[in-house]
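Notes for the structure review
Here is how the chains run, residue by residue.
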Amino acid sequence: PDYSWLELPVLDRKGYVSHDGGIVSAPGVYLMGMQFLRRRKSALIDGAADDARDLSAHLAAYLDTLADWSRRTNLTGALTAAQRVRLLVADVLPAAFLPDPGALIDVGSGNGSPGLVLALVRDDLEVTLLEPRVRRWASLKEAARASARCVNILRQRHDGYSGPAALFATLRTV
C-alpha cells in the first residue's frame, strides 16, 4: 500500500508504517485493520474489534473508574458511557498532537480530562495532575492505577506547586 499521503514521520525505509502491535511511533497514532496487526484475524471486522479493545483498554479503565467514582463524587455530569467518551475523551483527542514531548501540568484535574486522557494516549508526556480536593485527587489516583499509566498526581492547588516547570499546561473550564 501507498502511505505517502501520511504527513507524519512514521514510515520505515520500505515505506510501511512503523508500529508495534498497532502503536505507531507518532504520539497518539494507532493502526487498525491491518493484516496480522496483533492476531491472524486483525484485517477482518471481528479481528479489528479485538484489536480496538486491546488498544483502548487503558481509556476504558479510566472511564470505568470515573463512572464508579462519579456515583460517590460529582466528577462529571455525563451519565452514560457514550456521554463520558464524547465529553471527556473525544473533545481532547484533537489536541493530542499539540504538546511537544516532555512535561505537561494539568491544573484542577478533577475528572482527569484533559490531563489524564493526554497521558493515556501520549506515552512521551510526563504528566502532573494538580487537584486540591481530596475525593477528586483520590479518584485520579485510582483511575491512573487502573489505567496502568504512571502519572504524577498531587493534592495541591496550582499556586502551591513548586515542582519542575513544564512547557505545557492544560485546564478545563465549564
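That block above? That's the structure.
Let me begin by describing the structure that accompanies this report.

Quick word on the pairing of strand β4 (residues 125–130)
Of all six residues in β4, five are buried; the element is thus mostly enclosed. Relative to β4, strand β3 (residues 102–107) runs parallel, the two sharing six bridges. Within the sheet, the bridge partner assigned to Ala-103 lies in β4 and is Glu-126. One crossover worth recording links β3 to the parallel β4 by way of helix α4 (residues 115–121), and it is right-handed. Judged from the three bridges that link them, β4 and strand β5 (residues 152–154) form a sheet pairing that is parallel. Of the residues in β5, the one forming a bridge with Thr-128 is Asn-152. In the classification by handedness, the crossover that spans β4, the intervening helix α5 (residues 134–146) and the parallel β5 is right-handed.

A few points about unusual backbone geometry
Residue Ser-113 is joined to Pro-114 through a cis peptide bond whose omega torsion reads 15 degrees. In this structure, Pro-114 sits in the loop between β3 and α4. Even without being a glycine, Ala-148 presents a positive backbone phi close to 60 degrees. Examined against the element boundaries, Ala-148 turns out to sit in the loop between α5 and β5.

What to know about the packing of helix α2 (residues 57–70) against α5
Running from amino to carboxyl end, α2 crosses α5 at an angle of 150 degrees, the nearest separation of the two axes being 8 Å. Judged by the angle between their axes, α2 and α5 are roughly antiparallel. As for how α2 packs across α5, the hand of that crossing is right-handed. Side by side, α2 and α5 meet where Ala-61, Tyr-62, Thr-65 and Trp-69 of the first sit next to Arg-135, Ala-138, Ser-139, Glu-142, Ala-143 and Ala-146 of the second. Partitioning the contact of α2 with α5 into residue classes produces six nonpolar, two polar and two charged.

Concerning the sheet that holds β4
What the four strands build is an open sheet, ordered β5-β4-β3-β6; its pairing is parallel. Edge positions in the sheet fall to β5 and β6 (168–170), since each of these pairs with one other strand and no more. Each adjacent strand pair in this sheet contributes to an overall mean axis angle of 20 degrees, direction not counted.

Observations regarding empty space enclosed by the protein
Within this structure, the stated rule accounts for one cavity of 30 Å³ or more. A volume near 40 Å³ is recorded for the largest cavity. As for the largest cavity, its lining consists of Tyr-62, Thr-65, Leu-66, Trp-69, Leu-75, Gly-110, Asn-111, Ser-139, Leu-140 and Ala-143. Those elements giving two or more residues to the lining of the largest cavity turn out to be α2 and α5. Here the element with the most residues in the lining of the largest cavity is α2; it accounts for four residues.

What about the packing of α2 against helix α3 (residues 81–90)?
Packing of α2 against α3 leaves a shortest axis separation of 11 Å and a crossing angle of 115 degrees. Regarding α2 and α3, the two cross each other, and that crossing is right-handed. Seen from α2, the contacting residues are Leu-59, Tyr-62, Leu-63, Leu-66 and Ala-67; seen from α3, they are Arg-84, Val-85, Leu-88 and Val-89. For the contact of α2 with α3, the class distribution of residues is eight nonpolar, no polar and one charged.

Cut-offs used in this document
Residues numbered from 1 in each chain as written. Predicted model: local features only at pLDDT ≥ 70, side-chain atom pairs only at ≥ 80, totals over all residues. Heavy atoms only, no water. Buried < 20%, exposed > 50% of the residue type's maximum accessible area, 1.4 Å probe, protein only. Helix = DSSP H or I, 4+ residues; strand = E, 2+ residues; numbered from the N terminus. Pairing = 2+ DSSP bridges. Right-handed = clockwise from strand over helix to strand, strands pointing away. Axes fitted to C-alpha atoms, helices over the stretch in contact; angles between N-to-C directions. Parallel < 35°, antiparallel > 145°, perpendicular 65-115°, else oblique. Left-handed = near helix turned anticlockwise from the far one by under 90°. Contact = heavy atoms within 4.5 Å. Nonpolar A, V, L, I, M, F, W, Y, C, P; charged D, E, K, R; others polar. 1 Å grid on protein atoms, 1.4 Å probe; cavity = no way out; pocket = protein on both sides within 12 Å on 5 of 7 lines; lining within 4 Å. Points joined across faces, edges and corners; volume = space filled by probe spheres on them.

Function cannot be inferred from these measures alone, as they are strictly geometric.
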